[in-house]
Amino acid sequence: MAASTSPSRLPGVATTAYLSLAFLYIPILVVIFFSFNANSLITVWHGFTTDWYVKAYENEDLRRATWNSMIVAVGATFFSTVLALMAAMGMRGRLPRGLAGTSQMMMTLPLLIPEIVIAIATMSFFSIILRSEFMAGTAFLKLVDQYPLTQVLIAHTVFCVPFAYSPIRARIETLPPSLFEAAADLYATPWQSFRRVTLPLMMPGVTSGAMLAFITSLDDFIITQMVAPPGAMTLPVYIYSMVRKGITPEINAVSAILLVISILLVVSSYVINQRKAS
Amino acid sequence: MILKTMSSGLVIQTVSKTFPSPTGPVRAVDNVSLTIQPNEFFTLLGPSGCGKTTLLRMIAGLDIPTSGSILLDNQDIAPLPAYQRPVNTVFQSYALFPHMTVTDNIAFGMKMQGKPKTEIDKAVKEALALVRLDDKGERMPAQLSGGQQQRVALARALVNHPKILLLDESLSALDYKLRKEMQIELKRLQRETGITFIFVTHDQDEALSMSDRIAVMEKGNVAQIGTPQEIYDRPATRFVADFIGICNFVKASSLGLNDNCDIGFRPEDASFTVGRGMGKGNIRHINYRGAVTHYIIELEGGETITLSEDDPQNVEVNDAVSLVIPPERLIRCTA
Amino acid sequence: MHGVRNAAPWLLSPFLMIMGVFFAAPLLLVVGYSFMTAHYPGGVEFPLTLDAYVKIFYDTDFDGNKVFDPSFLLICWKSLKLAGLCTILCLRAGFPMAYFMATRPPQQRNLWMMLVTIPFWTNLLIRTYSWILILRDEGLVNNILMSTGITSSPITLMCSDFAVGLGLLYSYLPFMVLPIYANLERMDWRLVEAASDLYATRWQTLRKVTIPLTMPGILAGSILVFIPSIGSFLAPQLLGCGQQMMLGNKIENLFGQGGDWPFGSAASVALMIIVMIGLMIMSRRGGIKELV
């Protein structure tokens, strides 16, 4: 395919690819570059400094928002991955027709409905059930009162499930059903079969599903913005409020950290995959 | 003889299995009854979709019969889940656990039953020796050849001392030479272990050469049960005759017989002569096949038949010939 | 798994319950809200009315008369226009990129894949924010233009359709590249050779063989780009400075300060209908299956 006479070669394709790549990376590099800029006002280089990182670290609100983001992301990852794994196993079994269709729809729909609609829907739903007399005094209300992150966690779990589901489903489809039948044939109870055969074999799918759910949760802005009660601010929501107040190099520093974290995550999963392949 | 067990028989009584499908329920197994003797090598033979695999899966506990009972040592096992049945299966594609070593694969069943570790270690070792894979215990299944994987699958099932061993098209993934070797190997294992084998296949050669008895299945029903010789020589139905080996069917009148049904005969049972015989025809093709030679003959009524002769005959295409068939080799089917 | 009892419905039930309560019920609630009367600030009350849908087309003037008001329809049109343009541009840049990636040797392919995945996994807010640094009056572009003497005063780039469109293109380009690449990578390239053997030029091969075979990926990519762009909030808010309204920030507005929940709900229903129409057009060739 590499030969220049190969029919798969098209002129202009390489140029577009490199230009697109530059387009994708220049803004990211700009943010990282200016996070080290000594000048606080304009986008002109005034010398190297790490002051903005120190300032970001000392910002207590920022630290709390980061902590909230981590709690929500870890929680949503756990719950959504468990739900997705169970659902993927369920979808493999024999199901009444309507149930299979409904479940399929529930997996697809969150990806097809614009986030803003899910955001306002969830927000108004919570505002209704939290104010209704029907819910007064229930354990759920107490939970929400005590832990303001509860609503955010629930909302994140819901929109993370489809993301966790798709790699799990893809993995389960590569496993022949006879493996699970063999486990049952060899005296494994359903639970033993899950522990010893299903789960280990599903692990690559579960891991990438969990990673996708984690990133999706960390990334979310609009749903959290609408749903989060005061005191349940996550990192993106806090950064947004900073941006609204004015562009500061501190934002660049926080953004640069987040960018580097996602770069490291992707690169490490890439390296792991490479190593597995060899 | 380390694995020698008390052999058990199996009685299948009026078992049916219906699957739902978009076009309405499908009856995969229709009211089948048969008895399998202890220590027997029993084969379920039939084309794909005849219900043989469904019947096997119901014995294994992977499918539950819609009705009927399956008696193992006089106990009805039909309602038991697979993991509570003293029956093990060698799956069509082996279904070895890809994330476990050969040893762990073989030990799996005993571990699940909570057997003590020393007992498991000993049994696994013996099982590896039984299938001649003593040095492959630490390999992963993907590092083994197809034939070796097949042996691991056998060892993994046999190590549990099942009362019955089920083999689901177990040789079909192997190439011809390996398949012949495994046929002999399977017979040896069955003799040495004394376990009742139930073997599912669509390959009539395999069935004829290995089985004590064969049940030929057609569309969810048993068409005939018998020893390989009974089935080959006296097929009960035209379907059985056609499915087992090659069989020519012609109108009785074409052979000069006074009957209004079709008459069958095997290519190797008939011969021809240029003199007087049972029916007249012309040679249309001569296919030299090495060990035998096939003669395609068009009878006067327009029917085409095949004869096989060990030695090439001194005839040419378009020669007029007559058939010679010993009367006891004629097959008169009821259906 | 295949025991006596069928565990499948039980395994699905927690998922279905959670989704039913926290996803399906809220969506139905929004549909219900759109038929109710606004309660200020923020909320709804009876009686049921079609007022919210009337507001899509009409405004009430000081005398209480209904006058035709195209402002909401213009927002719909702008959203549709920007999202459509964004999808086409993503396709224009994304297909060649995916094609280039798929024709690299395997080792390089993985590297490219990683390079496209990194922005895909990077925080959307930060990626949108980065364009402020580039586009604003004191930003990178104006700095370069002014320091090289091309212009003497900054050109206004921010707060425009251009800025919003650029932000959308930047946000969703990887969403287009990845599914097309996945499709191209598992395509049988011998078909391309066969086409060239049968006298097709490269462009004919592309048009008659490669693109038709990649259609599922192209459709999946288009859906993945179109849906988030039409409902986009961050790009019009940050790069359009909240002045370039799209449906996304209009809806947020109505549920935020404006407080007209029924109208906001009706706007959401309108957005979902636009998306469904878009999907129906695209999924005619089966693009949705590719998504899940």
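As the structure is a prediction and not an experimental result, all values here were calculated from the model.

Conventions adopted
Residues numbered from 1 in each chain as written. Chains lettered and ligands numbered in written order. Predicted model: local features only at pLDDT ≥ 70, side-chain atom pairs only at ≥ 80, totals over all residues. Heavy atoms only, no water. Phe/Tyr/Trp six-rings, centres within 6.5 Å; stacked < 30°, edge-to-face > 60°. Helix = DSSP H or I, 4+ residues; strand = E, 2+ residues; numbered from the N terminus. Buried < 20%, exposed > 50% of the residue type's maximum accessible area, 1.4 Å probe, protein only. Lys NZ or Arg CZ within 6 Å of the ring centre and 35° of its normal. Contact = heavy atoms within 4.5 Å. Disulfide = S-S within 2.5 Å. Pairing = 2+ DSSP bridges. Expected span 1.5 Å × (residues − 1). Bend = angle between axes of the 7 residues up to and from the residue. Salt bridge = Lys/Arg side-chain N within 4 Å of Asp/Glu carboxyl O. Polar contact = N/O pair within 3.5 Å; in protein donor to acceptor, adjacent residues only side chain to side chain. Nonpolar A, V, L, I, M, F, W, Y, C, P; charged D, E, K, R; others polar. Buried area = accessible area lost by both parts, 1.4 Å probe. Axes fitted to C-alpha atoms, helices over the stretch in contact; angles between N-to-C directions. Parallel < 35°, antiparallel > 145°, perpendicular 65-115°, else oblique. Left-handed = near helix turned anticlockwise from the far one by under 90°.

## Describing the packing of aromatic side chains
Point 1. In this structure the tally under the stated criterion is 31 aromatic pairs over all chains.
Point 2. Their ring planes at 45 degrees and their centres at 5.7 Å tell us that Phe23 of chain A and Trp131 of chain C sit as a pair that is tilted. Placement of Phe23 of chain A in helix 1 (residues 13-34) and of Trp131 of chain C in helix 5 (residues 124-135) is noted, with the two residues assigned to different chains.
Point 3. Note on Trp131 of chain C: relative accessible area 7%, which makes it buried.
Point 4. Look at Phe255 of chain C and Trp261 of chain C: their rings are 5.3 Å apart centre to centre, the planes differ by 35 degrees, and that puts the pair in the tilted class. Each member of the pair, Phe255 of chain C as well as Trp261 of chain C, carries the same accessibility label: buried.
Point 5. Of the aromatic side chains, those joined through ring pairs into one cluster are Tyr18 of chain A together with Phe100 and Trp112 of chain C.
Point 6. Positioned above the aromatic ring of Tyr57 of chain A, the side-chain terminus of Arg63 of chain A is 5.2 Å from the ring centre.
Point 7. Just above the ring of Tyr232 of chain B sits the side chain of Arg266 of chain B; from NZ or CZ to the centre is 4.0 Å.

## Some thoughts on the environment of Gly217 of chain C
Residue and element names in this part refer to chain C.
Point 1. Among the structural elements, Gly217 can be located in helix 9 (residues 202-230).
Point 2. Exposure remark for Gly217: the relative accessible area of 0% places this residue in the buried category.
Point 3. Sequence spacing of Gly217 and Met176 is 41 residues, and the spatial spacing of their C-alpha atoms is 8.4 Å.
Point 4. Sequence-distant contacts of Gly217, defined by excluding residues within four places in its chain, comprise Pro179, Ile180 and Asn183.

## What about the state of the cysteines?
Residues and elements named next belong to chain C.
Point 1. Within the structure shown, the criterion is met by one disulfide over all chains.
Point 2. Two residues, Cys159 and Cys241, share a disulfide whose sulfurs are 1.8 Å apart. Every disulfide takes its handedness from the sign of the S-S torsion; for Cys159 and Cys241 that torsion is -75 degrees, giving left-handed. One end of the pair, Cys159, is in the loop between helix 6 (140-147) and helix 7 (161-185); the other, Cys241, is in the loop between helix 10 (234-239) and helix 11 (247-255), and 82 residues separate them in sequence.
Point 3. Residue Cys241 is classed as partly exposed on the basis of its relative accessible area, which comes to 29%.

## Concerning the pairing of strand 17 (residues 320-324) of chain B
Walk down a regular strand and you will see the side chains alternate between the two sheet faces.
Residue and element names in this part refer to chain B.
Point 1. As judged from the three bridges shared by strand 13 (residues 271-273) and strand 17, these two strands associate in the antiparallel manner. Bridge pairing in strand 17 links Thr273 to Ser322.
Point 2. Here strand 14 (residues 280-288) pairs with strand 17 via three bridges, running antiparallel. Residue pairing for strand 17: Asn282 is matched across the bridge by Ala320.

## Comments concerning helix 1 of chain A
Point 1. Over its 22 residues, helix 1 of chain A extends 32 Å from the first C-alpha to the last, a length consistent with the 32 Å expected when each residue adds 1.5 Å.
Point 2. Bending of helix 1 of chain A peaks at approximately 30 degrees at the position of Tyr25 of chain A, with proline Pro27 of chain A no more than four residues after it.

## Some points on unusual backbone geometry
Point 1. Between Phe46 of chain C and the following residue, Pro47 of chain C, the backbone shows a cis peptide bond with an omega angle of 5 degrees.
Point 2. On the secondary structure map, Pro47 of chain C appears in the loop between strand 2 (44-45) and helix 2 (51-57).
Point 3. At Asp73 of chain B, a residue that is not glycine, the phi angle is positive and equals roughly 50 degrees.
Point 4. Structurally, Asp73 of chain B can be placed in the loop between strand 4 (67-72) and strand 5 (75-76).
Point 5. The phi dihedral of Asn74 of chain B falls on the positive side, at around 70 degrees, and the residue is not glycine.
Point 6. Counting through the fold element by element, Asn74 of chain B comes out in the loop between strand 4 and strand 5.
Point 7. In this structure Asn74 of chain B comes out as exposed when scored by relative accessible area, which is 76%.

## Comments concerning the interface of chain C and chain A
Point 1. Taken residue by residue, the interface counts 88 residues in chain C and 94 residues in chain A.
Point 2. In this assembly, chain C and chain A are joined by zero salt bridges.
Point 3. Linking chain C with chain A are five residue pairs in polar contact (both at pLDDT 80 or more), by the criterion used here.
Point 4. Looking at which element gives the most residues to the side of chain C that touches chain A, the answer is helix 1 (residues 8-33) of chain C, with 20 residues.
Point 5. Its residues placed into classes, the side of chain C that touches chain A shows 66 nonpolar, 16 polar and six charged.

## What about the interface of chain B and chain A?
Point 1. Contacts between the two partners involve 28 residues from chain B and, on the opposite side, 19 residues from chain A.
Point 2. Carbon and sulfur atoms make up 64% of the surface buried where chain B meets chain A, a total of about 2000 Å² over both sides.
Point 3. Per-residue buried area on chain B facing chain A is highest for Tyr83, His99 and Met112 of chain B; these three make up 32% of the total on that side.
Point 4. Counting across the interface, chain B meets chain A through one salt bridge.
Point 5. For the salt bridge of Arg57 of chain B with Glu181 of chain A, the shortest nitrogen-to-oxygen distance reads 2.8 Å.
Point 6. Scanning the region where chain B abuts chain A turns up seven residue pairs in polar contact (both at pLDDT 80 or more).

## Here we look at the packing of helix 7 (residues 149-174) of chain A against helix 1 of chain C
Point 1. At a closest axis distance of 10 Å, the pairing of helix 7 of chain A and helix 1 of chain C adopts a crossing angle of 120 degrees. By the angle between their axes, helix 7 of chain A is oblique relative to helix 1 of chain C. Considering how the two elements wind past one another, helix 7 of chain A and helix 1 of chain C form a crossing that is left-handed. Here helix 7 of chain A contributes Ile154, Val158 and Val161 of chain A to the contact with helix 1 of chain C, which in turn contributes Phe15, Ile18, Met19, Phe22 and Phe23 of chain C.
Point 2. Here the contact of helix 7 of chain A with helix 1 of chain C is built from residues that sort into eight nonpolar, no polar and no charged.

## Description of the side chain of Ser103 of chain A
Point 1. Its place among the elements puts Ser103 of chain A in helix 4 (residues 97-112).
Point 2. In terms of polar contacts, Ser103 of chain A uses its side chain to reach the backbone carbonyl oxygen of Leu99 of chain A, at 2.7 Å.
Point 3. Sequence-distant contacts of Ser103 of chain A, that is, excluding residues within four places in its chain, are made with Met91 of chain A together with Leu12, Phe15 and Leu16 of chain C.

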